Amino acid sequence: MRSLRSAGGRLRKAGGSWNRQHGPERREGWGAAVGAGFLVLVGTGCLPTLPPADLTFINGAEPESLDPALALSIEDLRVTQPLFEGLTRNDPVTAAPRPGLAERWEISPDGRTYTFHLRPGTVWSTGEPLTADAVEFSWLRVLDPVTGAGYASLLFVVEDAEAWHLGRLPPPARPAFRARGPRVFEVRLRHPTPYFLDLCALPTLAVVPRAAIERLGEAWTRSRPLPVSGPYQLEFWRLNDRVRLRKNPRYWDAAGPALEVVDLLSVAHPGTAFNLYETGHADVIWDRNLVPPELLDRLRARPDCHRFDFLATYFLRFNVTRPPLDDPRVRRALSLAVDRRRIVERITRGGEQPAGGLVPPGTAHHQSVRAVAHDLPAARRLLAEAGYPGGAGLRPLRYLYWTAGSGAGQEHAQIAVELRAMWGEGLGVRLELDNREKRVFIAAQRALDYDVSQSSWVGDYNDPTTFLDLFQSRNGNNRTGWADADYDALLAQAQAEPDPARRAGLLARAEQRLVGEAAVVAPVYFSSGFHFYRPDRVAGIYPNLLDVHPLQAIRRLEGGKPVQRRPASGR
Amino acid sequence: MSEPNALSPGRRAWCRFRARRSGWVAAWFLVGLVGLAVVGPWVSPYGPEAFAGAPFEPPSWRHWAGTDVHGRDVLTRVLVGARLSLVVGMVGALISLGIGVLWGAVAGYAGGRVDAVMMRTVDVLYTLPTLVLVIVLVTVLNGWVARWEAAGVPVNPAHARLAGLLVGIGAVSWLTMARVVRGEVLSLRRRAFVEAARALGAGPGRILGRHVLPHLVGVVIAYLALTVPAVVLYESFLSFLGLGIQPPAASLGSLLAAGAAQINPLRMYWWLLVFPAGTLAAALLALNLAGDALRDALDPRAVG
Amino acid sequence: MRYVLRRLGFMGPLLLVISLLAFALIRLAPGGPFDRERQVPPEIERQLQARYHLDEPVLRQYLRFLGGLLRGDLGPSMRYRSHSVNDLLAAGLPVSLSIGLLAFGLALGLGLPLGVVAAVRQAAPAGHLANAAALAALCIPTFVAGPLWVMWLGVKWQWFPVALWGSPAHLVLPVLTLGLYFAGRVARLMREGMLDTLPSPHLITARAKGLSEAAVFWRHAFRPAVRPVVSYAGPMLADLLTGSFVVENLFQLPGLGLFMVHSAFNRDYPVVVGLVLLYAGLLLVLNLVSDLILAWLDPRVRYE
């Protein structure tokens, strides 16, 4: 104790002597602070300033990975699509599948065997030849659970793929796709799949470089140079800032892409994205969530706003395992009481269409279904039939949703507030709003710890099954507790049905059952997509249902004319 | 330091407080605001959650502060929000005052090992990620609420959310106060008057209570006046992240966050920002002025 | 010196406790890093859990983490799977450091003089003005001030870039937004310290000794008066250096503040723990420095 105290004494003395030696010590402190600030300024000033890109896109939230097999969100897909190509690629105008790495293919008469012929002389961006082996490797990698590919199930349309994925296939057997020679690739499907060529254009099934992956494992996307198969190669990826792409001179269609250098900015805050765009720091906004939602009505009148329909539905899930929502009449009553027009006019304001079914209109192979519409008297009648006239005797229901930040997050809350009022005033149903942080929301939804839950779904490929498959009894995305043998049977029948018209009819019956009779989900609206770009500055972006816009088709205009392309070595 | 006066210290302080005009006005303003926040929502012809008008109506005679996206009356919501923010600020201030001052004073006065342990505890709490803490707290409380609900107790998940929020905010609001107070006490405890009291045989409790704490009044009030806005704004930050107050309820902070989202160069629904911001600013200003007056009034060195 | 060594020696175990708490807390939060709105097939989920050892008991995971820590490896990010936590920190730290140091400089450079003026000219217009400026800075949150600065200086007048990271010009608006808010708090604390010191008898003594007004001010008034600011500055600097979520989100800066919030939301366990450790280390060191400055400012303060 004593010795410690004397240490304190020494400290004090030291302090005293400093004091005497340096009179105006504060000023020195100022000097140090200013000096440090200056150093920092100089330090940051020395950062190499980036040369501007030919075109700058605002891509949205930070992509998780550049590995096409791991890409999940629309932001990931938009970054990986130009880097890695598959057997087919999307048409810039219609998004329909067109020859990609495969120059042509044959389909067997039963619609189950596809034989792809790869382009001769195709190489990686690093110069090595790209052969059919690479396709086989890439697809097996997607199916291998160790890879952790979120969309692995897309390949389950291939014979034996699911069994192999689950480890239920005796070892020498492989999924039914293989390279037959360096340029021929053959696939055998479980049943005829009209959208199989669309799947081949998805980044999940794109071709990835085996050598780099085997050398570096998980971190392979950080190898430099990164061997890519698509029209653009990676210049750099700075987290929370941007991904910069440069044209791949070894791409088979190297004459196609017009832009030399492209920036994809990671900006999640809508106000920031809009400010960057308005001040000319960005040329294209890719997403409606990246502009302040209150401005949409005004922005829609401008020539740089481009609205389009795409495959996305906003809907509500009902938890059918808990009373009173185990009664389909109650669920249907709630669904009928949702004034969808009010929501799209007041809240979303983007020209969305009120939804009467789950599958958006315009989906290929789809028969439009109108299973539900705003009808308050019918809703009241149904609720009374179920034994709750005017909502009497009904416990408060819990509405699960999530919000975060501004923009889309706030829209969820606003829709929740509207629903609460509609059901409260219209049916006498009390709704408790339960706003959870997103991961908690997902966990609660999976555990069926809710009554009604906010939901939305974006179609992966242009077919009703991308929506309807969700509610099969054993689908992990079902999350309603609803298991219906009839529904499963309808989908299975449709799957085996070779006649497109009859298949569409079966799918429509399934949708009617899901949304109408069983009312497991209450569709709210079909989303609108928005792009913002000045038509006199950017060309080559076309609206399509998949919201896919290949970078190689996009051009920069100056004064309404295409810009002279610079030679590849120009910078 | 001053001679014993005919008036009791409390009464003397009261007289001095009344003599400060700005403090007096500020105090009345605060009382008025609290009153409005309590009574206002009943006086207002609109419910805070009722869709009373068209969306985004500018201020008018019908809606003095305009309406929001749902057509709800902004003035009513500001008053209701002020009520909630006052509660949040009050809880933060009380915890800061109760735990923070005591913790810092004891640590600073005791010194040595006690000080080390207490201040390192503060450090540990300081570094815990509050965001995660609030997520966990709210989830745990929600679990309890679900169990009580199942047992038939009338509870509301919104209350669980509020409780989790308050505990989370409370857990961090007192830490800096403890540090500031300890720093002051470390210096005070070697002063002549404290040494004198000790020499006279006063116990540590008496010395802290009678001699040290009165000298801290200024700093404590100043820091308290910083804590209240910090806590209110922290709540709005959590609301912005979707962790704070639950819609359709409102707090000044969540209204402010909604208003801030309106700032853009094309078109501003300015009333959504100006009214909550104005209310918050006025309340905080009044709080600080009243705090200044209180500090002067309670200063042990000031002469009668 | 021994005191300093002892505090430094304390830091190791303290960081261990903090990391354990953070480790446990984030795992208590419901939902995991691989939960998505779009569920991955169960077999894949199982493999992912195994890859990141999430299927092991938490204690085992913690020991594994400690083993990595000894080698200076904070583990892989579970969100940005091609990056390690070290990569993320190395990328974000320079950005947050530059912004944080500059904002700290602005906060002190503006806050201290403002606080002194507000106290010394307490009754004069200059003092009122300084006080009002400090209060205004205090009660306008960064998420309101930031967008306003951007709208006027960035969009309308186009003096500075509205967002992104690149040239020194990109620093101006974020530093302004962040620095002014803290300047308000520094000014209030400084004013309070000054008001507390000015009536002290030792100032009269110092003047009586014939010291120049400047010497009296710097040596006898400013030194004790700046103590509350110093107590507060430790945590403030630690906060600033590890980045501000609001500012980085608003200006899209690739700093640490974004990771602070996003990692908690994404349940990116290793990133949360890594950031908490970094923040804790900074905080402990800065608090120590702030305590040492306190002792140096006031010879009566002794550490035992």
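Every chain is numbered independently, its residues counted from 1 as its sequence is written. Chains and ligands are labelled by the order in which they are written, letters from A for the one and numbers from 1 for the other. For this predicted model, a pLDDT threshold of at least 70 governs which residues receive local features, and a threshold of 80 or more governs which side-chain atom pairs are given and counted, while totals over whole chains, interfaces and linings are taken from all residues.

## Regarding the overall build of chain C
Numbering of helices and strands runs from the N terminus; a helix is a DSSP stretch of H or I covering at least four residues, while a strand is a stretch of E covering at least two. Per the secondary structure count, chain C includes 13 helices and zero strands. Along chain C, helices and strands appear, N-terminal first, in the series α-α-α-α-α-α-α-α-α-α-α-α-α. A principal-axis box enclosing the C-alpha atoms of chain C has dimensions of 80 × 55 × 30 Å. We call a residue exposed when 12 or fewer other C-beta atoms sit within 10 Å of its C-beta, buried when the count reaches 20 or more, and partly exposed for counts in between; the C-beta positions come from the backbone. Of all 304 residues assigned to chain C, the portion counted as buried reaches 59%. In this description, any two residues whose backbone-derived C-beta atoms lie within 7 Å of each other are considered to be in contact. In chain C, the share of contacts with a sequence separation of at least 24, taken over all contacts with a separation of at least 6, comes to 72%.

## Topic: the interface of chain A and chain C
With 60 residues of chain A in contact, the opposing surface of chain C contributes 58 residues. Of all the elements in the fold, those that place two or more residues in the side of chain A that touches chain C are α1 (2-21), α2 (25-45), α8 (270-278) and α14 (438-446) of chain A. Gly is placed with the polar residues, together with every amino acid not listed as nonpolar (Ala, Val, Leu, Ile, Met, Phe, Trp, Tyr, Cys and Pro) or charged (Asp, Glu, Lys and Arg). In terms of residue class, the side of chain A that touches chain C is built from 24 nonpolar, 23 polar and 13 charged.

## Side note on the interface of chain A and chain B
Contacts between chain A and chain B engage 30 residues on the former and 23 residues on the latter. Where the side of chain A that touches chain B is concerned, the elements lending two or more residues are α8, α11 (340-348), β14 (397-402), α13 (408-427) and β15 (431-436) of chain A.

## Examining the confidence of the model for chain A
Residue and element names in this part refer to chain A. Mean pLDDT over chain A: 85, with 88% of residues reaching 70 or higher. Confidence scores per residue from the predictor, reported as pLDDT, run from 0 to 100. Contacts for the low-pLDDT stretch residues 1-33, under 50 throughout, to residues beyond four places or in other chains number 25 contacts. Contacts from residues 565-571, a stretch scored under 50 in pLDDT, to residues over four places away or in other chains number five contacts.

## Overview of the packing of helix α4 (residues 85-120) of chain C against helix α10 (residues 227-241) of chain C
Helix-helix packing: each pair is described by the crossing angle between the helix axes and the interaxial distance. Residue and element names in this part refer to chain C. Between the N-to-C directions of two axes lies an angle of 0 to 180 degrees, each axis being a line fitted to C-alpha atoms and, for a helix, fitted only over the stretch in contact. Contact geometry for α4 and α10: axes closest at 7 Å, N-to-C directions at 145°. Residues Ser96, Leu97, Gly100, Ala103 and Phe104 of α4 touch α10, and the partners they reach there are Leu237, Leu240 and Leu241. A breakdown of the residues in the contact of α4 with α10 according to their chemical character gives six nonpolar, two polar and no charged.

## Side note on the pairing of strand β9 (residues 242-247) of chain A
All names here are of chain A. The buried fraction of β9 is high, at five of six residues. One bridge is not enough; two strands pair if DSSP finds at least two bridges between them. Bridge count between strand β8 (residues 232-238) and β9: six bridges; the pairing is antiparallel. Following the sheet pairing, Arg238 is matched in β9 by Arg242. The antiparallel hairpin formed by β8 and β9 contains three residues in its connecting segment, where Asn240 sits at a positive phi of about 60°. Of the pairings in the sheet, the one linking β9 to strand β10 (residues 261-266) comprises five bridges and is antiparallel in character. Bridged to Arg242 within β10 is Leu265.

## Some thoughts on the environment of Leu255 of chain B
Residues and elements named next belong to chain B. Its place among the elements puts Leu255 in helix α10 (residues 252-260). Residue class for Leu255 comes out buried when judged on the 28 C-beta atoms lying within 10 Å of it. Not counting chain neighbours up to four residues away, the residues in contact with Leu255 comprise Arg77, Val78, Gly81, Ala250 and Pro276.

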